[in-house]
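Now for the letters of each chain:
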Protein chains: 2
Amino acid sequence: MLKIAIIGVGTVGSSVANILKENKEIITARAGRELVPTIGVVNNLNKKRDVSIELTDDIEKVLNDDSIDIIVELMGGVEKPYEVVKKALEKGKAVVTANKALLAYHRYELEEIAKDIPFEYEAAVAGGIPIINALREGLTANNIQSIQGIMNGTCNYMLTKMIDEGVEYETILKEAQDLGYAEADPTFDVGGFDAAHKLLILGSIAYGIDAKPEDILIEGIENITSYDIEFAKEFNYSIKLLGIAKREDDNIELRVHPAFVPKNQMIAKVDGVMNGISVIGDKVGETMYYGPGAGGDATASAVIANIVDIARRGKGSPMLGFERSYGNKLSLQNKKEIKTKYYLRLEVADKTGVLAKVASILGECGISIEKMLQKPLGNQKSNLLLSTHSSVEKDILKAIEELENTKVVTQKPAMIRIED
Amino acid sequence: MLKIAIIGVGTVGSSVANILKENKEIITARAGRELVPTIGVVNNLNKKRDVSIELTDDIEKVLNDDSIDIIVELMGGVEKPYEVVKKALEKGKAVVTANKALLAYHRYELEEIAKDIPFEYEAAVAGGIPIINALREGLTANNIQSIQGIMNGTCNYMLTKMIDEGVEYETILKEAQDLGYAEADPTFDVGGFDAAHKLLILGSIAYGIDAKPEDILIEGIENITSYDIEFAKEFNYSIKLLGIAKREDDNIELRVHPAFVPKNQMIAKVDGVMNGISVIGDKVGETMYYGPGAGGDATASAVIANIVDIARRGKGSPMLGFERSYGNKLSLQNKKEIKTKYYLRLEVADKTGVLAKVASILGECGISIEKMLQKPLGNQKSNLLLSTHSSVEKDILKAIEELENTKVVTQKPAMIRIED
Ligand SMILES: NC(=O)c1ccc[n+]([C@@H]2O[C@H](COP(=O)([O-])OP(=O)(O)OC[C@H]3O[C@@H](n4cnc5c(N)ncnc54)[C@H](OP(=O)(O)O)[C@@H]3O)[C@@H](O)[C@H]2O)c1
Ligand SMILES: NC(=O)c1ccc[n+]([C@@H]2O[C@H](COP(=O)([O-])OP(=O)(O)OC[C@H]3O[C@@H](n4cnc5c(N)ncnc54)[C@H](OP(=O)(O)O)[C@@H]3O)[C@@H](O)[C@H]2O)c1
């Protein structure tokens, strides 16, 4: 029998407690022993909850209880859970968490502290999809060439609706908030920060590379308009918020941003609130993992998988996928050196010479145009929607600056990256 | 350092030897020690091969060599590899295999023999996709409700071509043979037997259920015609050869057959030689796993993942997913009691009363029609293409017999199951 304390009995924590009870028979057969949720920790003992586990608001007492084998951290936040998890590991208790923010900032310190104590976090990336397992164990024969992930269900739901039903950003954001998919302050999701936390974790397992959110390129979906959708439809793209980890020689690109993705790629077929992660390995080729990225039960499914693993074998594979350092031969690519294809939306005046001027500015920056759509806006203005051949980020940024400075455009240009 | 012998240095075996060399640096970092392919066993020492491993044709010598830690069985077949693997396990050597036929027949005996010796087989199902890992570790919190898998790339390639390009079965079979996707005797693939072997393995991990190929329903893709494709297009279906494991109360359906699948399901989007497996768990909902199901390097990727796991931790999770018996509360559903929706293709004479007769025979068997297409064939004959509401297999079989006996049809009716 293993005794489990659940620190944080909210959406995910209460699902963990309930599933351990409901599916006790099959879980016990799989784990080889009984997994008993013994105590839950919450902030507010007076809140009504749908769980039968005993509750306390005294974290310290639980951490000091020698009869507890596993601490499941589901409270959220960064510094407080870091303290809690650190203390638990130092006391030799196994830890399971779903907390991507904690790991985005402290995964390497925690790896140091944990050493041979099991520390697992399958639910922290893409909720119920066992992607950590796949990357940490299933694909170990490969040099990972790239990971492209739809790792935020809220954004994917919104983008799917914008594309399929032509709904505008503001309208669909309000709907997502009403449905409970988006928070009152949605910045964390729509700004790409949640996806970035997950990407950093995957980047560590694939490449052994240490980076913090502030080190990488993060852009959200806030500026996508129906013109961009039109361009996507015209040229058979879908638009997805992607977390991308990519190796070019010994440089690792880590970036989160909306991207045009060819419609026939599997990742482009991941719609609605679902998550999907495509991984390309040098030997296996592409594998893709699809499923629910959030929700109490789906997330708890991954948390409990970790508990079962610990019950079966204690510490399994190395926490961040490497037994020995490998990442120090790889380095994080500078944001400005990223290379991809770009889409630009330029509002211009309807007069002769404007297109020539745009083309010449792009040309001077070393950028060549691949496809273009011109859409009249009325008011003697047009939108020029264009895509480029593969270019370097700093050249695009320079071109955008030039376009603004020389007043060829009548509004700040919009840019979206293209991944194909 | 771990010493590895590769028994069978053909398509997969030579990829294993080569990748262990080419990707040695990252594999060593991940495994924590060097994995050294020491000796390979083949039938014919004179064959030219593209590997640098030392070769022998003396299996016994290799099995008796105490310096070898891991035996990798990649020779194919059933009884000979069974002997080899048994002997290796009895000598305390860890075993990795990609051999689905071996496991379809002997997995429970091998589990008995292996006990605490690592015995791994990730590559046996869906090649490079880590589906064994997902099911055995990632989804342990769940009662699995169903598994639907496209697990034979040859069939999926052929069906995709038939649907996308309207190519007839015989033509595309020849093309698949020319491309090396299908064997000279293609029965094993197109008849559904290869998929059945894989399904039996998944059925064990999901449900702990013991069954042999001869116990389950296996149908191939040989009888699919352009009429069936037309019906699929009309009603927004794709046609896939599926391996299905499904729980209804305490009965487990295991079956392999072509099926109409609604086009908007993720599994319907798996095209060409690729494999895809959709798993529905009672807590996590649907997750889907996509990737290459065959090919030397892709399969070797999974074989090496198993070797790395063994290097890291010896025996990992229980071989067939359960530490303690669970399956004996579940039983295999009789083939005749399977419940699903059905499609019938009936060739009938173009005369009044025929449709009424068909409908009345179906009605008497308790079957109600959902959708229908009538297609004139010339010659005063027509094809009636129809789908039913959910029915029981034995009722459909009875209706088909009746239709033949009463000569309402002018040719043996064709039947395809519908999964939606
Ligand atoms: N929800 C999802 O779908 C999902 C998916 C993947 C990962 N995650 C991650 O899982 C974690 C939990 O998410 P959630 O949605 O379950 O959050 P939640 O519903 O807000 O629950 C948080 C729980 O922690 C308790 N708590 C917070 N601070 C505490 C403190 N200082 N002391 C004691 N208890 C404290 C809260 O107590 P009260 O109930 O008394 O307020 C509450 O029970 C987060 O790290 C999140 O990122 C969530
Ligand atoms: N190919 C794939 O894409 C794939 C995918 C998934 C799983 N698998 C499985 O992997 C296994 C190997 O497949 P494969 O395609 O690599 O087969 P293969 O190319 O036919 O290679 C078989 C190898 O085993 C050797 N061999 C056979 N019987 C032997 C014996 N009695 N003694 C010594 N050596 C013997 C052969 O020797 P010679 O070379 O001298 O003839 C050959 O090197 C099979 O179980 C298969 O089902 C294959």
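- An unreviewed UniProt entry lists chain A under the name Homoserine dehydrogenase, from Malaciobacter halophilus.
- Listed under Catalytic activity (unreviewed entry) in UniProt, the entry text for chain A is "L-homoserine + NADP(+) = L-aspartate 4-semialdehyde + NADPH + H(+)".
- Quoted verbatim from the Sequence similarities (unreviewed entry) field of the UniProt record, the comment on chain A reads "Belongs to the homoserine dehydrogenase family."

As for the overall build of chain A
And then number 1: Helices and strands together make up the secondary structure of chain A, namely 14 helices and 18 strands.
And then number 2: Dimensions of chain A, computed from C-alpha atoms along their principal axes, come out at roughly 80 × 45 × 35 Å.
And then number 3: Within chain A, contacts between residues separated by at least 24 positions form 73% of all contacts whose residues are at least 6 apart in sequence.
And then number 4: As displayed, chain A offers around 15800 Å² of accessible surface, 45% of which is attributable to carbon and sulfur atoms.
And then number 5: Looking at chain A, you have 50 positive and 62 negative side-chain charges, and the mean spots of the two groups are 1 Å apart.

Remarks on the sheet that holds strand E2 (residues 35-41) of chain B
In a beta sheet, neighbouring strands pair by backbone hydrogen bonds and run either parallel or antiparallel.
Residues and elements named next belong to chain B.
And then number 1: What the 6 strands build is an open sheet, ordered E3-E2-E1-E4-E5-E6; its pairing is parallel. At either end of the open sheet lies a strand with only one pairing partner, and these are strand E3 (55-56) and strand E6 (119-120).
And then number 2: Sheet analysis places strand E1 (residues 2-7) next to E2, joined by 6 bridges and oriented parallel. Bridging across to E2, Leu2 finds its partner in Leu35.
And then number 3: Each of E1 and E2 touches helix H1 (residues 11-22); the most contacted strand, E1, lies at about 155° to it.

Notes on the site of ligand 2
Residues and elements named next belong to chain B.
And then number 1: Taken together, 22 residues form the shell around ligand 2, and within it Val12, Asn44, Lys47, Arg49 and Gly295 come nearest.
And then number 2: Here Gly10 contributes a backbone N or O atom positioned 3.2 Å from an oxygen atom of ligand 2.
And then number 3: Interatomic distance of 2.8 Å between a backbone N/O atom of Val12 and an oxygen atom of ligand 2.
And then number 4: For ligand 2, whose unbound accessible area comes to 890 Å², protein coverage reaches 76%.
And then number 5: Among the residues forming the shell around ligand 2, the class breakdown is 10 nonpolar, 9 polar and 3 charged.

Concerning the environment of Ser331 of chain B
Residues and elements named next belong to chain B.
And then number 1: With respect to the helices, strands and loops of the structure, Ser331 is situated in strand E13 (residues 331-332).
And then number 2: Taking the C-alpha atoms as reference points, Ser331 and Tyr207, separated by 124 residues in sequence, lie 9.3 Å from one another.
And then number 3: Ser331 has contacts with Ile209, Asp250, Asn251 and Ile252, leaving out every residue within four places of it along the chain.

About the cut-offs
- Residues numbered from 1 in each chain as written.
- Chains lettered and ligands numbered in written order.
- Predicted model: local features only at pLDDT ≥ 70, side-chain atom pairs only at ≥ 80, totals over all residues.
- Heavy atoms only, no water.
- UniProt positions renumbered as here; feature names shortened; annotations may be inferred.
- Helix = DSSP H or I, 4+ residues; strand = E, 2+ residues; numbered from the N terminus.
- Contact = heavy atoms within 4.5 Å.
- Areas by Shrake-Rupley, 256 points an atom, 1.4 Å probe, with all protein chains shown as cover.
- Lys, Arg positive; Asp, Glu negative; His and termini not counted.
- Charge placed at Lys NZ, Arg CZ, Asp CG, Glu CD.
- Pairing = 2+ DSSP bridges.
- Axes fitted to C-alpha atoms, helices over the stretch in contact; angles between N-to-C directions.
- Near = heavy atom within 4 Å.
- Polar contact = N/O pair within 3.5 Å; in protein donor to acceptor, adjacent residues only side chain to side chain.
- Nonpolar A, V, L, I, M, F, W, Y, C, P; charged D, E, K, R; others polar.

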